[in-house]
Amino acid sequence: MAPLPPEDVECLHPGLAEPRMKEDWFAYVFYDPPSRPFLPSYEVYLAMDGAERRRLNRIRNRYHSALVLAWTPAVQHFETEITELLAANEMAPPGARLGLLIDGPPTVGKSTLVKMIARKFEQELREDFPERFVPERLGSYVPVVYISLTDQVTPKQISLAIARYLNVPTSGTKDTIDDRVLTALTASGTQLIIFDDLHFLDCSLKEGRASNDHIKFLANHAPCTIVGTGVDLENSPLLSEGGPIGPRTKSARPKSPASGPRTQTAGRFSRQELAPFALDSNDRILQWVAVIRSLESSLALYQHKEESLTRRHWRYLHERTDGSIAGLHALIRRSAVRAVQQGTEAITREIMDSIVLSYAHERAYAKVTELKSRQAATEAKKQSQKQRAADGTA
Ligand SMILES: Nc1ncnc2c1ncn2[C@@H]1O[C@H](COP(=O)(O)OP(=O)(O)O)[C@@H](O)[C@H]1O
Ligand SMILES: [Mg+2]
């Protein structure tokens, strides 16, 4: 029997990786997810003593908890977009570099996607230009800057976050820090800046214009391509001035994206949407099924019926998760862990039914089941009316 991999290898799941400094980012670039564990035959597994089985199961749980990330059509699409933007922007004059905003509801995989793409971009740079990554230059060449915004971020905090990421002093006025940040970005050869969760940019009355101006300032002066993600960016004051810039409450937002004049940033970014998976055409059904297949085929379970999720449960999985990749990933991960725990060794409908997903996904599923039972009741009523009419005429 082949030896089991050591259990105590530290693994950093990309979903958990929230780099705050360039060193965190480098660790993420080098991170390899736990590899598929070797499974001895089922008979050998059943004959294992308690400790040995626990050890293998712990390794399997760790593996399932990371599961694979899927290069979905959306990931592939944005990879092409970002790669092309980077190439088109590389030597473009300041102010002529277009950025990209990826706009979509929560849990569609925006953050994961930008990190997957940026990680691959840097890995390829490391392969193609090893001289830039020699130990003497370690840490001074930083092709990717990844900043995750948190609640109500002001322009100064953005500059501070970049400064911290690049390890430059954070004391002084905003102008001093901005200056240092621009110098550091140039010196580090940064090509790609990612702002994750840009909806957290403070666009309130007080900071609104300053926030817009700051993003415009970076877009103009930093020699980089800027990619941002966020929720409902289309209606955010970042892109559209719906009259006076107000706090991000519903009433303060413009009624339609066309209702306010465009902001400075609107002229410097393209905006593309990332939506949950839908089943409204054959092509889209095939895309959803392909994602399920890629997750299902990586399971390390003894009795799982090959392609049973892909072939039999794809519609159920869509109803359970509302087409969200996060919901799908979570449901399969949780079910795999439970299948190991309970010894069923297969993800079945019963196991999936027993998993409670996020509140939002459960609410959406409750609506689907409610609608289905109402439709079933209406159908039953129609049938019994038909039957009664037939009985009456008989
Ligand atoms: N391409 C993918 N393949 C597999 N799972 C994914 C993928 N993208 C996202 N996920 C799952 O969804 C979770 C949430 O994704 P995230 O990127 O944080 O969504 P968003 O930023 O749109 O809210 C991730 O932690 C991961 O479990
Ligand atoms: Mg996110």
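Summary of the structure given here. (Residues numbered from 1 in each chain as written. Chains lettered and ligands numbered in written order. Predicted model: local features only at pLDDT ≥ 70, side-chain atom pairs only at ≥ 80, totals over all residues. Heavy atoms only, no water.)

Looking at the overall build of the protein chain
Part 1 of the reasoning: When its secondary structure is counted, the protein chain shows 14 helices and five strands.
Part 2 of the reasoning: Residue burial in the protein chain is summarised as follows: out of 394 residues, 46% are buried.
Part 3 of the reasoning: Roughly 20,200 Å² of accessible area belongs to the protein chain as shown, and the carbon and sulfur atoms make up 54% of that amount. (Helix = DSSP H or I, 4+ residues; strand = E, 2+ residues; numbered from the N terminus. Buried < 20%, exposed > 50% of the residue type's maximum accessible area, 1.4 Å probe, protein only. Areas by Shrake-Rupley, 256 points an atom, 1.4 Å probe, with all protein chains shown as cover.)

Focus: helix H1 (residues 22–30)
Part 1 of the reasoning: When we look at burial in H1, the residues that qualify are Lys22, Trp25, Phe26, Tyr28 and Val29. All buried residues of H1 project into a common sector of 160 degrees when viewed along the axis, lining one side.
Part 2 of the reasoning: Looking at the buried positions of H1, the neighbouring elements they touch are helix H5 (110–128), strand S2 (144–148) and helix H6 (155–166). (Arc of directions from axis to C-beta. Contact = heavy atoms within 4.5 Å.)

Some remarks on the pattern of salt bridges
Part 1 of the reasoning: Inspection of every chain in the model, using the stated rule, returns 15 salt bridges.
Part 2 of the reasoning: Residue Asp178 pairs with Lys174 through a salt bridge whose shortest N-O separation is 2.7 Å. Here Lys174 and Asp178 lie together in helix H7 (residues 174–187), a separation of four residues that amounts to about one turn.
Part 3 of the reasoning: Between Glu370 and Arg374 there is a salt bridge whose closest N-O contact spans 3.4 Å. Residue Glu370 and its partner Arg374 are located together in helix H14 (residues 359–393), separated by four residues, close to a single helical turn.
Part 4 of the reasoning: What emerges from the salt-bridge pattern is a single network uniting Asp103, Glu234, Arg271 and Glu273. (Salt bridge = Lys/Arg side-chain N within 4 Å of Asp/Glu carboxyl O.)

Here's the deal with the nonpolar core
Part 1 of the reasoning: Counting 61 residues, the largest nonpolar core has Trp25, Val145, Ile158, Ile162, Leu192, Phe195 and Leu198 as the members making the most contacts within it.
Part 2 of the reasoning: Residues contacting Phe195, with those up to four places away along its chain left out, are Ile147, Leu149, Ile158, Ile162, Ile215, Leu218, Ile226, Val227, Gly228 and Thr229.
Part 3 of the reasoning: The next biggest cluster of nonpolar side chains, apart from the first, holds 29 residues, and it includes Leu317, Ile325, Ile332 and Met352. (Core = buried A, V, L, I, M, F, W, Y, C linked by side-chain atoms within 4.5 Å.)

Comments concerning the packing of helix H9 (residues 282–296) against helix H12 (residues 325–342)
Part 1 of the reasoning: One can describe the packing of H9 onto H12 by two numbers: an axis separation of 11 Å at closest approach and a directional angle of 30 degrees. Judged by the sense of rotation from one axis to the other, the crossing of H9 with H12 is right-handed. Residues Trp288, Val291, Ile292 and Leu295 of H9 touch H12, and the partners they reach there are Ile325, Leu328, His329 and Ile332.
Part 2 of the reasoning: Across the contact of H9 with H12, the residue classes tally to seven nonpolar, one polar and no charged. (Axes fitted to C-alpha atoms, helices over the stretch in contact; angles between N-to-C directions. Left-handed = near helix turned anticlockwise from the far one by under 90°. Nonpolar A, V, L, I, M, F, W, Y, C, P; charged D, E, K, R; others polar.)

So, the packing of helix H4 (residues 73–89) against H5
For any two helices packed against each other, one specifies the inter-axial angle together with the distance between the axes.
Part 1 of the reasoning: Direction vectors running N to C along H4 and H5 enclose 50 degrees, while the axes themselves pass 10 Å from each other. The angle between the axes of H4 and H5 places the two elements in the oblique class. H4 and H5 meet at a crossing whose hand is right-handed. On the side of H4, the interface is formed by Ala74, Val75, Phe78, Glu79, Ile82 and Leu86, while H5 contributes Leu113, Met116, Ile117, Lys120 and Phe121. (Parallel < 35°, antiparallel > 145°, perpendicular 65-115°, else oblique.)

Considerations on the environment of Thr378
Part 1 of the reasoning: Secondary-structure assignment places Thr378 in helix H14.
Part 2 of the reasoning: Among the polar contacts listed, one links the side chain of Thr378 to the backbone oxygen of Arg374, at a separation of 2.8 Å. (Polar contact = N/O pair within 3.5 Å; in protein donor to acceptor, adjacent residues only side chain to side chain.)

Points about the packing of aromatic side chains
Part 1 of the reasoning: Summed over the entire model, instances satisfying the criterion amount to eight aromatic pairs.
Part 2 of the reasoning: Pairing Trp25 with Tyr146 gives two aromatic rings, centres 6.1 Å apart and planes at 20 degrees, and the pair type is stacked. Of this pair, Trp25 sits in helix H1 while Tyr146 sits in strand S2, and the two are 121 residues apart along the sequence. With respect to class, Trp25 is no different from Tyr146; both count as buried.
Part 3 of the reasoning: An aromatic cluster of at least three residues, connected via ring pairs, comprises Trp25, Tyr28 and Tyr146.
Part 4 of the reasoning: One Lys or Arg, Lys120, reaches over the ring of Trp71 and ends 5.1 Å from the middle of that ring.
Part 5 of the reasoning: Lying over the aromatic face of Tyr365, Arg320 brings its terminal NZ or CZ to 5.3 Å of the ring centre. (Phe/Tyr/Trp six-rings, centres within 6.5 Å; stacked < 30°, edge-to-face > 60°. Lys NZ or Arg CZ within 6 Å of the ring centre and 35° of its normal.)

Quick look at the sheet that holds strand S1 (residues 99–103)
Part 1 of the reasoning: On the basis of which strands lie adjacent, the open sheet formed by five strands has the order S2-S3-S4-S1-S5 and parallel pairing. Of all strands in the sheet, those bounded by a partner on one side alone are S2 and strand S5 (269–273). Adjacent strand axes in the sheet meet at a mean angle of 15 degrees, parallel and antiparallel pairs treated alike.
Part 2 of the reasoning: The pairing of S2 with strand S3 (residues 192–196) spans five bridges and is classified as parallel. Each residue of the ladder has a partner; that of Val145, found in S3, is Ile193. (Pairing = 2+ DSSP bridges.)

Describing the site of ligand 1
Part 1 of the reasoning: Taken together, 16 residues sit near ligand 1, with Ala70, Lys110, Ser111, Thr112 and His329 positioned nearest.
Part 2 of the reasoning: At a separation of 2.8 Å, a nitrogen atom of ligand 1 approaches a polar backbone atom of Ala70.
Part 3 of the reasoning: A distance of 3.2 Å is found between an oxygen atom of ligand 1 and a side-chain nitrogen or oxygen belonging to Arg333.
Part 4 of the reasoning: Here ligand 1, which alone exposes 560 Å², has 83% of that area covered by the protein.
Part 5 of the reasoning: Of all the elements in the fold, those that place two or more residues in the shell around ligand 1 are H5 and H12. (Near = heavy atom within 4 Å.)

Let's talk about unusual backbone geometry
For residues other than glycine, phi is negative in most cases, and the peptide bonds are mostly trans.
Part 1 of the reasoning: At Asn167, a position not held by glycine, the phi torsion is positive, near 65 degrees.
Part 2 of the reasoning: Relative to the helices and strands, Asn167 resides in the loop between H6 and H7.
Part 3 of the reasoning: Exposure remark for Asn167: the relative accessible area of 49% places this residue in the partly exposed category.

Some thoughts on the side chain of Arg119
Part 1 of the reasoning: Turning to its location among the elements, Arg119 is positioned in helix H5.
Part 2 of the reasoning: No salt bridge is formed by the buried Arg119; the nearest opposite charge belongs to Asp32, separated by 4.0 Å. (Lys, Arg positive; Asp, Glu negative; His and termini not counted.)

Things to note about the pairing of strand S4 (residues 225–230)
Part 1 of the reasoning: Among the six residues in S4, six count as buried, and that is most of the element.
Part 2 of the reasoning: Burial along S4 is two-sided: the residues Thr225, Val227 and Thr229 and Ile226, Gly228 and Gly230 are all buried.
Part 3 of the reasoning: Two elements, S3 and S4, share four bridges in a ladder whose sense is parallel. Looking across to S4, one finds that Ile193 is bridged to Ile226.

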